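# Per-entry structural report
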Amino acid sequence: MKRPPSIREVAQLAGVSLGTASNVLNHPERVSTATRKKVEAAIDELGFIPSEAGRRLRRVDSKLVGVIVFDVANPFFSEAASAIEAYLAQFSCFPVIGSTGGDPTREADLLRLLLGQEVRGIILTPSSGAAESLKLLSSRRIPVVLFDHPALEDGMSAVSVDDTRGAEIAIEHLHSLGHRHIGFINGSARVRQAQARRVGVERSARASHNELTLTEVHAARFDAASGEKAMHELLTSHPEITGVFCANDSLAIGAMRAARQRNLGIPQDISIVGFDDIDVARELITPLTTVRQPMTELGTTAAQLLLEQPAHAQDIAFVPELIVRESTAPPRSWRI
Ligand code: RIB
């Protein structure tokens with residue numbers, strides 16, 4: 001029986017040094033994409049099988065867990081990451097955290113760096129272009145749990161909230177107060193969460209039997225500065241709007257700032273609803289009505305699924321909850 005090909009033969013076929021070929025397997029971040037693809041082609045041609053057992057042993061003992069999200073500056077992610085960190089600490093593990101901004105290239109670079117660190121596994125908020133990266137992680141048998149995203153395939157664990165239902169209950173709340181002209185400040189249309197929330201808004205509009213007019217604007221980023229800008233655009237073009245739903249609390253905070261700049265009372269002149277229920281939402285001058293995502297439970301569950309690696313993957317969608325505070329009320333026309 002022919003003996004299996006060696007890493008030395010892979011290096012020779014690829015025309016690289018033995019060290020470079022080894023780096024492609026163990027420290028891919030040290031190798032250029034072009035060289036890595038040459039070595040991977042040689043591996044495929046020869047049918048080389050890396051000593052996975054050795055790598056898996058090193059990985060299972062690793063105390064590092066990759067946590068790759070959209071933006072650690074967004075309190076939604078930082079509050080969830082704090083819960084992940086607390087859960088991992090019980091097992092003497094700790095997170096290696098990075099932000100992708102939803103950019104597939106940045107995401108691929110961060111994941112490649114983690115591949116070289118022998119992490120126990122990765123908790124990932126995937127970008128819209130994560131398929132290639134997820135395939136690479138799967139080929140290296142790196143455990144992955146998706147965070148803030150439903151499972152992309154069978155056998156993959158994931159935790160998220162029902163974004164569509166969350167947006168639906170936000171619009172239903174404004175409708176029930178008497179608002180008929182509603183604005184929707186959404187994030188970038190390329191972001192899955194924004195797409196799912198739009199579906200909920202549209203579903204609510206249909207259910208209102210045309211009682212509602214809904215105007216959507218897209219903020220460049222899911223942050224307060226973008227929310228402020230979007231709110232000015234919305235109210236300048238549609239002064240009839242009395243209620244605004246923002247796709248996350250950071251956008252809502254910016255929208256509130258814009259309302260005050262226009263001398264609009266909250267909720268006397270304009271009602272505003274957010275999404276997430278970050279800690280600061282309840283501390284604002286006008287505490288924010290919002291749709292709560294259970295950040296702590298989301299983070300804890302993701303970390304638990306990653307460390308436990310259950311025999312059957314679990315795709316868990318938490319139920320969003322409307323938290324009514326002082327930023328919403330019936331429109332002035334409804335108040336006698
Ligand atoms: O990443 C943008 C938003 O999507 C966050 O604020 C949170 O709502 C997430 O689900």
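As shown above, the structure is provided for reference.
Described below are features of the structure shown in this document. Treat the numbers as computed from the prediction; the structure is a model and nothing was measured. (Residues numbered from 1 in each chain as written. Predicted model: local features only at pLDDT ≥ 70, side-chain atom pairs only at ≥ 80, totals over all residues. Heavy atoms only, no water.)

The full set of residues close to the ligand is F70, N74, F76, F77, D148, Q193, R197, F222, N248, D276 and Q293. Between the ligand and the protein, one listed contact pairs an oxygen atom with a side-chain N or O atom of N74 at 3.0 Å. One of the side-chain N or O atoms of D276 is found 2.5 Å from an oxygen atom in the ligand. Here the ligand loses 99% of its free accessible area of 280 Å² to cover by the protein chains. Here the residues of the shell around the ligand sort into 4 nonpolar, 4 polar and 3 charged. (Near = heavy atom within 4 Å. Polar contact = N/O pair within 3.5 Å; in protein donor to acceptor, adjacent residues only side chain to side chain. Areas by Shrake-Rupley, 256 points an atom, 1.4 Å probe, with all protein chains shown as cover. Nonpolar A, V, L, I, M, F, W, Y, C, P; charged D, E, K, R; others polar.)

Let us look at the packing of helix α1 (residues 7-14) against helix α2 (residues 18-26). Contact geometry of α1 with α2 gives a least axis separation of 8 Å together with a crossing angle of 105 degrees. Between α1 and α2, the crossing angle belongs to the class labelled roughly perpendicular. Residue-level inspection shows I7, R8 and A11 of α1 in contact with α2, the latter providing L18, A21, S22 and L25. Here the residues of the contact of α1 with α2 are counted per class, giving 5 nonpolar, 1 polar and 1 charged. (Axes fitted to C-alpha atoms, helices over the stretch in contact; angles between N-to-C directions. Helix = DSSP H or I, 4+ residues; strand = E, 2+ residues; numbered from the N terminus. Parallel < 35°, antiparallel > 145°, perpendicular 65-115°, else oblique. Contact = heavy atoms within 4.5 Å.)

According to the stated counting rule, one finds 19 salt bridges in the structure shown. Between R140 and E40 there is a salt bridge, and its shortest N-O distance comes to 4.0 Å. With a gap of 100 residues between them, R140 in the loop between α7 (131-139) and β4 (144-147) and E40 in helix α3 (residues 33-46) connect regions that are remote in the sequence. What makes R140 buried here is its relative accessible area of 11%. In this structure, a network of salt bridges that share partners links the residues R165, E168, E172 and R203. (Salt bridge = Lys/Arg side-chain N within 4 Å of Asp/Glu carboxyl O. Buried < 20%, exposed > 50% of the residue type's maximum accessible area, 1.4 Å probe, protein only.)

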